[in-house]
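Commentary on secondary and tertiary structure
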Amino acid sequence: MPLSAQYYFTGEVKGAHGDNLQHVGIIIRSTGEIYKTSASGSFEIITRKTEDSVTFYLDGYESYSTAVNTNGFLRVTLKELPLSLTTKKKSLASVINGSSISFACNSNGIAYSNVKRFLDMGMHVPAEAVKVEEMLNYLNFYYEDPENEELFHCASNLLSCPWNDRHRLLCLNICTKKTSIRRPASLVFLIDVTGSMDMPNKLPLVKSSLHLLIKNLRDIDTVSIIEYGGRGRALVGVPGSRKDQLVRTVEQLSADGPSPGEAGIMLAYKIAAGQYIPGGNNRVILITDGDISSTPAARNYLADLASRFSSDSIHLSCLGVGLNKEEASELPMLAQAGHGTFGRIEDAQQGERLLLDDLAKGLSEVAGNVCFTVAFDTSLVQEYHLLGFENKHSALEDTTLRFVGGSVASANAQMAIFEIIPKKDSTGNENLANIQIRYCLPGQNKIRTMSFDCPNKSAPFETASASLKKAVCIALFGMKLKGPDYAAQLSWSDMEKMTKKIFSANNFIDRDYISLLVKARKIYEHAP
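Below is a summary of the structure that appears in this document. Note that this is a predicted model, so its numbers are computed, not measured. (Residues numbered from 1 in each chain as written. Predicted model: local features only at pLDDT ≥ 70, side-chain atom pairs only at ≥ 80, totals over all residues. Heavy atoms only, no water.)

Our focus in this paragraph is the pattern of salt bridges. Tallying each qualifying case throughout the model produces 13 salt bridges. Between K519 and D120 there is a salt bridge, with the nearest N and O atoms lying 2.7 Å from each other. You can see K519 sitting in helix α13 (residues 508-525) and its partner D120 sitting in helix α2 (residues 110-120), a full 399 residues away along the chain. Close ionic contact of K500 with E496 constitutes a salt bridge, the shortest N to O distance being 2.8 Å. You can see K500 and its partner E496 sitting in helix α12 (residues 492-502), four residues apart, about one turn around the helix. What makes E496 buried here is its relative accessible area of 11%. Salt bridges sharing common partners tie together K116, D120, D512 and K519. (Salt bridge = Lys/Arg side-chain N within 4 Å of Asp/Glu carboxyl O. Helix = DSSP H or I, 4+ residues; strand = E, 2+ residues; numbered from the N terminus. Buried < 20%, exposed > 50% of the residue type's maximum accessible area, 1.4 Å probe, protein only.)

Have a look at this one:
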């Protein structure tokens, strides 16, 4: 096909009652580009391909994926989600009340994967896809164990602001205790990296979910990771102490291969048998977006295989991503045969819960309905701005929405950064602010609180710990991606110099982050 050839994907999107749906997101699978339907619910997308796959998504509706070609007019009907699900997903991220602000605990980190996906394709990142709080969660360098068996730990640091000498940064690092695990675990992950997993709600969601599990591993645990499809790589028997190696392996997963059928699960069982821990939690965890058996006979064989290995105390859990709830799947049957669990991963928080339940029952949630309220001393602070936790404009206009706290898992760290303008005479008072943590214990409705003071002791940014400086860099990167209104003070060149000075090049995560920022600079500096 000549390079100059252009085609069009055309169609319309309606609701179940025939109403036109506007602003429906349309993701083109081959490029990752995102388009929106018009006010009449129609779309017309220029393409150089005659065929492709697309996914439609809209708040309050089930996402829908289908093939599309340039020969016809595509008519799509989206189904509304049940009310219980829509009310769960729609809530305010933060609420400002004068000198205090409340924001919900958010342990998700998927926004970083989506940012990376756009930049890897050489594309601008849509502003609404950039969530600073989730980028900080994903690259979490700053976990600190709470003292004296406390459930939460909160450390505060007041730093000079590297992009505005007159401002200050208040960094809050809120961590939950790491729950003890009774039995050593040997976990073998069989992760689907076939071409169909190349969607924002699939492989990036899996990566984000795996991060918290890795943080909860002990030295006596072992993890194996097998690519199901793609290049068929396997990492075998890595102890929980080598977290950097596990994170590096997870980050290098990419969806680009054909399905190997049932051969993948047979390899997983072979590795699980070789890594067996007597008396331990021995488990194969299959993560995929569809069935793996090629025939009914193969399905029966795998069910029998799972049952036999279960008799030898090697259990099988199956986790589905991007699955349509109304479609039949073999995954629940395989999990039942393997005496394991089945679940659907629909967001990062749910993915963390399911994976941690496979690591140890009861580990997944240590507190629910968690929210933080920071009250500033108005004699010291003139203005403040929380980086991230923004509400959508539609949420602010919806008076029916409530402020709802989030659940938090074992070994979670939540970094929150405030940019503040101090008053001229900002000395004398001992504390700059107070933070209150409100939460409920699992299965309980009683609201509990913990309170921490933020000392009014400022330090130069250059003297901060490496983890804090990295967090500030990530937050600034997110603001820069959002547009000039958020971070006009520093150029992309200044950002790159600052990042290379703070992030070392001797580990994969740092090198990958530096590479990502360099890509962003090239994309945004050469934009028309």
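With that settled, the discussion passes to the packing of helix α11 (residues 466-482) against α13. Where α11 contacts α13, the axes come no closer than 12 Å and their chain directions differ by 25°. The angle between α11 and α13 falls in the class roughly parallel. In this structure, α11 crosses over α13, and the sense of that crossing is left-handed. Touching K470, C473, I474, F477 and L481 of α11 are D510, Y513, L516, L517, A520 and Y524, all from α13. (Axes fitted to C-alpha atoms, helices over the stretch in contact; angles between N-to-C directions. Parallel < 35°, antiparallel > 145°, perpendicular 65-115°, else oblique. Left-handed = near helix turned anticlockwise from the far one by under 90°. Contact = heavy atoms within 4.5 Å.)

Now for the sheet that holds strand β4 (residues 42-47). Ordered in space as β4-β1-β7, the three strands form an open sheet in which the pairing is mixed. In the strand order of this sheet, the two ends are held by β4 and β7 (73-78), each with one partner. Within the sheet, the average angular offset between the axes of one strand and its neighbour, ignoring direction, is 25°. Strand direction decides the pairing type here: strand β1 (residues 7-15) and β4, joined by six bridges, are antiparallel. Looking across to β4, one finds that F9 is bridged to I45. (Pairing = 2+ DSSP bridges.)

Ranked by size, the top nonpolar core spans 87 residues in total, and within it F189, I191, I417 and F477 carry the most contacts. Discounting chain neighbours no more than four positions away, the residues touching F189 are L210, L213, V223, S224, I225, I226, I285, I287 and L355. Within the second largest apolar cluster, 33 residues are counted, among which are F372, A416, L432 and Y439. (Core = buried A, V, L, I, M, F, W, Y, C linked by side-chain atoms within 4.5 Å.)

With respect to topology, five strands assemble into an open sheet ordered β19-β21-β11-β10-β24, the strand pairing being mixed. Lying at the two open borders of the sheet, with one neighbouring strand each, are β19 (381-386) and β24 (458-459). Both strand β10 (residues 152-160) and β24 contribute to a ladder of two bridges, which runs parallel. Counted as the bridge partner of L158 is S458 from β24.

Relative to the helices and strands, D512 is located in helix α13. Of the residues examined, D512 reaches a relative accessible area of 17% and is grouped as buried. A sequence separation of 260 residues divides D512 from Q252, and the C-alpha atoms of the two residues are 9.9 Å apart. Setting aside anything within four residues of it in sequence, one finds D512 in contact with Y112, K116 and E251.

Of the positions making up α12, those classed as buried are W492, M495, E496, M498, T499 and I502. Each buried residue of α12 lies within a common arc of 165° when the element is viewed along its axis, so the set occupies one face. Relative to its buried face, α12 has exposed residues pointing more than 90 degrees away, namely K497 and K501. Buried residues belonging to α12 abut α11 and α13. (Arc of directions from axis to C-beta.)

Taken as a whole and judged by the stated rule, the model has 13 aromatic pairs. Taking 4.8 Å as the distance between ring centres and 55° as the angle between the ring planes, the aromatic pair formed by F103 and F389 counts as tilted. Separated by 286 residues along the polypeptide, F103 in strand β9 (residues 100-104) and F389 in the loop between β19 and α10 (393-397) bring together distant segments of the chain. Comparing F103 with F389, the two get one shared label, buried. Ring centres of F503 and Y513 lie 4.5 Å apart, and the angle between their planes is 25°; this geometry places the pair in the stacked category. Linking F503 in the loop between α12 and α13 with Y513 in helix α13, this pair joins segments that are 10 residues apart in sequence. (Phe/Tyr/Trp six-rings, centres within 6.5 Å; stacked < 30°, edge-to-face > 60°.)

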